[in-house]
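Chains, contacts and geometry: an overview
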Amino acid sequence: MRAKLSVLVGAVVLVVAACGGGSSPAPGGGDGDLAGTKVTVGGAFVDVEAAAFEEAVKAFEDATGVDVVYNGDKSFEQQLNVQVQAGNPPDVALLPQPGGMKNYASQGKLFPLPDDIVASIDANYGPGWKEVGTADDGKVYGVFHRVNLKGLVFYPKAVFEAKGYTAPATWDELKTLMDKMVADGTPPWCIGIESGAATGWPITDWIEQIMLRTVGAEGYDKWVSGETPFTDPSVANAFEILMEIWGNEQYVYGGANYVVQTNFGEAPKAAFDDPPKCLLTNQGNFITAFFPDDVQADLDNQVGVFTLPAIDSAIGTPAEVGGDQAVAFADRPEIWALLKYLTTPEAGVSWSKAGGALFPYKGQDLANYSSELDKVFAESLVNASFVRFDGADAMPAAVGSGTFWSEPIKLLTGSQNLDTTLGNIAASWPK
Amino acid sequence: MYQAVAEPPPPRGVGQVLATSVGRVLVSIFVPVVAFIVLWAGFLFLKDSGAPKAVIVLVAIVWGIGGVAMLYVVANWLTEKLPPAWYGRILPFVFVGPAIAILAFYLLVPAVLTGWGSLFDANGQEFVGLDNYVYSFSNPEMVTAIRNNVLWLVFGTLFSTGLGLAIAVLVERSRLDRLAKTLIFLPMAISFVGASVIWRFVYSFQPEGQPQVGLLNAILGSFGIAPVSWLTSEPLNTILLIVILIWGQTGFAMVIIGAALKGVPDEMLEAGRIDGAGEWQIFRKLIVPTIWPTIVTVATTIAILTLKIYDIVIAMTGGNFNTQVIATLMWKQAFTFFDAGRGSALAVILLVAVTPVIWYNLRQFRGRAI
């Protein structure tokens, strides 16, 4: 009873604080009773990104006196499963996969968000974000903080301009551009897909973007939900479009064997060598954090970007997004205060300024983004009408973080053909 | 034992006898209960306490060591209360019992539960019989993993033990005995993950025309040969991963076998030489049979290691390029795909594969004089 009462009191205090504050930060508005409490947060990002997250919650810590302890681990999702089974998960987990959230919610391990946080999501986010945080029982569990926009093609600005290249508006123009680059002696694409236990995920991003551009929103949803199997001709078509580029040694720096062994964060650096070894990187907005230091210091002048162009002009260029959602494994007022803080634009300010991060808040001040690039991303994200979440993240784990990663690698290295690849992925889909 | 010859107590009244025995029983119950409460309180403190880490560590050490000591003292004290004949009978169990109980709790119970869990579906809800085993032996990924594990078992064990034996025998006669042994033993000090980081640089591949950071490709390059993508060349890549294990384990085999060699009596070897045996004959017919139990122990230890190999594969290739082994697939099923059933089935398969080796090893131990 006492616990429940204190939650209630905490929630009331929060609502009052949120209502009274207007544009001021929402975190509890100095209610002293949270001071000295601690919230543990677990996530998959480490190093620079972990430091930026700690910086982002510092305003919350200062305002409430709550100590937020972030613990990052590259194998976070596997670790979390062990911790949950052992009964000692972190208070808040930043889950990269909506499937993981649904899994834990159906096991009754998560606590649904209180109404005031859901109301805050409605007020601060564009359409779609609340739905991705909703489990099968119809309750909202997840809060999105930092998100990714994918399908962005980065290039070294100076070389691009010196050679007289222009950003392609259609897929055909892209192919023409690629051939021009080959003729000029540089392979167009920098690609790396190595990522530890998650090796292969950049392949899924490419396929998803091609699918979005060839089958549209409805077809994409059917494919992600499993209604359209991987053996369907529309999926085979997407893989063929991918292999036209990836399977051609001229188009990809180092060829397939180099691609599969090269870290996704290392690969784009080759574009900034002198002379560049390759020119184009199709990645999410977060990839700028992996660029060489001197490039990062001068992003706006050194890096240009265009959206991966449309394949079918009737469908256009949809936006693919992704992101970690914060979910609560415990029910304490300081945890809800933190999650509520994460739904407000203030939670994104410091990280926007630091760069390499993008936030979905409708009311955010774009001037906070330190670079012109980030500003462009945020603008297109906030204004996008056709937004879809990362499909692999929403598929069952056995496919989305299993065969959809591992089988195409075998296709790339030539140890199996396309039919076998798609057949194996389709066969691994849980019945 | 001297209680047995102690003077019998002077006869007393029935009421007195009853009172003392009731008192004794009460004390005998009271003491273990107090001991249990103390241990439980310690456990609760360790579980929920927000005390500083240093305090928790200190309490854990005192609680752990003190708790075990207390258990022994209390159990011993209890058995001493028993009649002398029973004291002798029960005492061994008092001392061996806790070890067996802990072993059962941490090894036997999980093993049985895993076996039981392998008969259920991904969420452990529905009984599916042997479906998970059928999957394990029919899935092409699994078949490759089993093939790879056999490669690990055969080449890893054979070369680690063989090289260890050869080096131990050859180096024993060298004046650089100690230096050579130290150098070969050094990799033992490196964890497999650490070793893998080192070997990634050996196998590293850069596109042709670029400077080769990888040792092997740099050597090839100096002869004008095009670089090879070692880790993606199947099935050579599995062999290349096994080389890392051999690099790490040869030192272990060498040191153990080397120690056994020192125990081979010189008189026997001399007698052999006087009888006209060649060095090769002495090695094969005298040295090897004498140290055979040691060779078997080393080989079985490495064999078990190869069967449950995991870290090298995960660190080098993540199980891609058809280098996966049973343990990496087990980890994937259980912790990436959240399929408890298939994960358990793979764990059981691993356990069954290791069992004959352990059994053989134990038999060797039993047959040996200590």
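These figures come from a predicted structure and were not determined experimentally.

Attention shifts here to the overall build of chain A. Scanning chain A from N- to C-terminus turns up 20 helices and 9 strands. For 431 residues, the compact-globule estimate of 2.2 N^0.38 gives 22 Å, and chain A sits close to it at 22 Å. Over its C-alpha atoms, taken along the principal directions, chain A stretches across nearly 70 × 50 × 35 Å. Counting only contacts in chain A whose residues sit at least 6 apart along the sequence, the fraction spanning at least 24 positions is 75%.

A count of helical and extended segments in chain B gives 14 helices and 0 strands. Order of helices (α) and strands (β) in chain B, N terminus to C terminus: α-α-α-α-α-α-α-α-α-α-α-α-α-α. Here the C-alpha atoms of chain B give a radius of gyration of 29 Å, more than 25% beyond the 21 Å that 2.2 N^0.38 yields for 370 residues. Considering only C-alpha atoms, chain B reaches an extent of 105 × 70 × 45 Å along its principal axes. Within the span of chain B, comprising 370 residues, buried residues form 26% of the whole.

With 22 residues of chain A at the interface, the matching set in chain B holds 18 residues. If you list the elements that add at least two residues to the side of chain A that touches chain B, you get helix 4 (76-86), helix 12 (255-261) and helix 19 (397-412) of chain A. Per-element tally for the side of chain A that touches chain B: the top contributor is helix 19 of chain A, with 6 residues. Broken down by class, the residue content of the side of chain A that touches chain B amounts to 8 nonpolar, 14 polar and no charged.

It is worth spelling out the packing of helix 19 of chain A against helix 20 (residues 418-428) of chain A at this point. Residue and element names in this part refer to chain A. At their nearest, the axes of helix 19 and helix 20 sit 9 Å apart, and the two run at 165° to each other. With respect to helix 20, the axis of helix 19 lies roughly antiparallel. The crossing of helix 19 and helix 20 is right-handed. The segment helix 19 lies against helix 20, with Ala398, Val399, Gly402, Thr403, Phe404, Glu407, Pro408, Lys410 and Leu411 engaging Leu418, Thr421, Asn424, Ile425 and Ser428.

This part covers helix 11 (residues 233-246) of chain A. Helical geometry note: an α-helix holds 3.6 residues per turn, so side chains three or four residues apart project in the same direction. All names here are of chain A. Taking 1.5 Å as the rise per residue, helix 11 with 14 residues should run 20 Å; its terminal C-alpha atoms sit 19 Å apart, in good agreement. Residues of helix 11 that are buried include every one of Val235, Ala238, Phe239, Ile245 and Trp246, and no others. Along the axis of helix 11, the buried positions cluster into a sector of 115°, meaning they face one direction only. What points out from helix 11, more than 90 degrees from its buried face, is the exposed set Pro233 and Glu244. Those residues of helix 11 that are buried lie in contact with helix 10 (201-225), helix 12, helix 19 and helix 20.

Let us now look at the nonpolar core. Core analysis: the largest hydrophobic core is formed by 179 residues, its most contacted members being Val92(A), Trp189(A), Cys190(A), Val327(A), Leu338(A), Leu339(A) and Ile312(B). Among the elements that make up this core, the one with the highest residue count is helix 9 (residues 236-262) of chain B (11 residues). For Ile312(B), the contacting residues outside a window of four places in its chain are Phe192(B), Ser196(B), Leu241(B), Ile244(B) and Leu245(B).

This part is about the environment of Phe389(A). Residues and elements named next belong to chain A. If you trace the backbone, phenylalanine 389 turns up in strand 9 (residues 387-389). When the C-alpha positions of phenylalanine 389 and glycine 128 are compared, they lie 8.7 Å apart, and in sequence the two are 261 residues distant. Among residues more than four places away in sequence, those in contact with phenylalanine 389 are Pro98, Val132, Val321, Gly322 and Ala394.

The next subject is the domain arrangement of chain B. A common way to state how big an interface is: give the accessible area lost once the parts meet. Under the domain assignment, chain B is made up of domain 1 (2-94) and domain 2 (131-367). Between the C-alpha centres of domain 1 of chain B and domain 2 of chain B there is a distance of 49 Å.

What counts and what doesn't
Residues numbered from 1 in each chain as written. Chains lettered and ligands numbered in written order. Predicted model: local features only at pLDDT ≥ 70, side-chain atom pairs only at ≥ 80, totals over all residues. Helix = DSSP H or I, 4+ residues; strand = E, 2+ residues; numbered from the N terminus. Rg over C-alpha atoms; globule rule 2.2 N^0.38 Å. Contact = placed C-beta atoms within 7 Å. Buried ≥ 20, exposed ≤ 12 C-beta atoms within 10 Å, placed from the backbone. Nonpolar A, V, L, I, M, F, W, Y, C, P; charged D, E, K, R; others polar. Axes fitted to C-alpha atoms, helices over the stretch in contact; angles between N-to-C directions. Parallel < 35°, antiparallel > 145°, perpendicular 65-115°, else oblique. Left-handed = near helix turned anticlockwise from the far one by under 90°. Expected span 1.5 Å × (residues − 1). Arc of directions from axis to C-beta. Core = buried A, V, L, I, M, F, W, Y, C linked by C-beta atoms within 7 Å. Domains from an automatic or database assignment.

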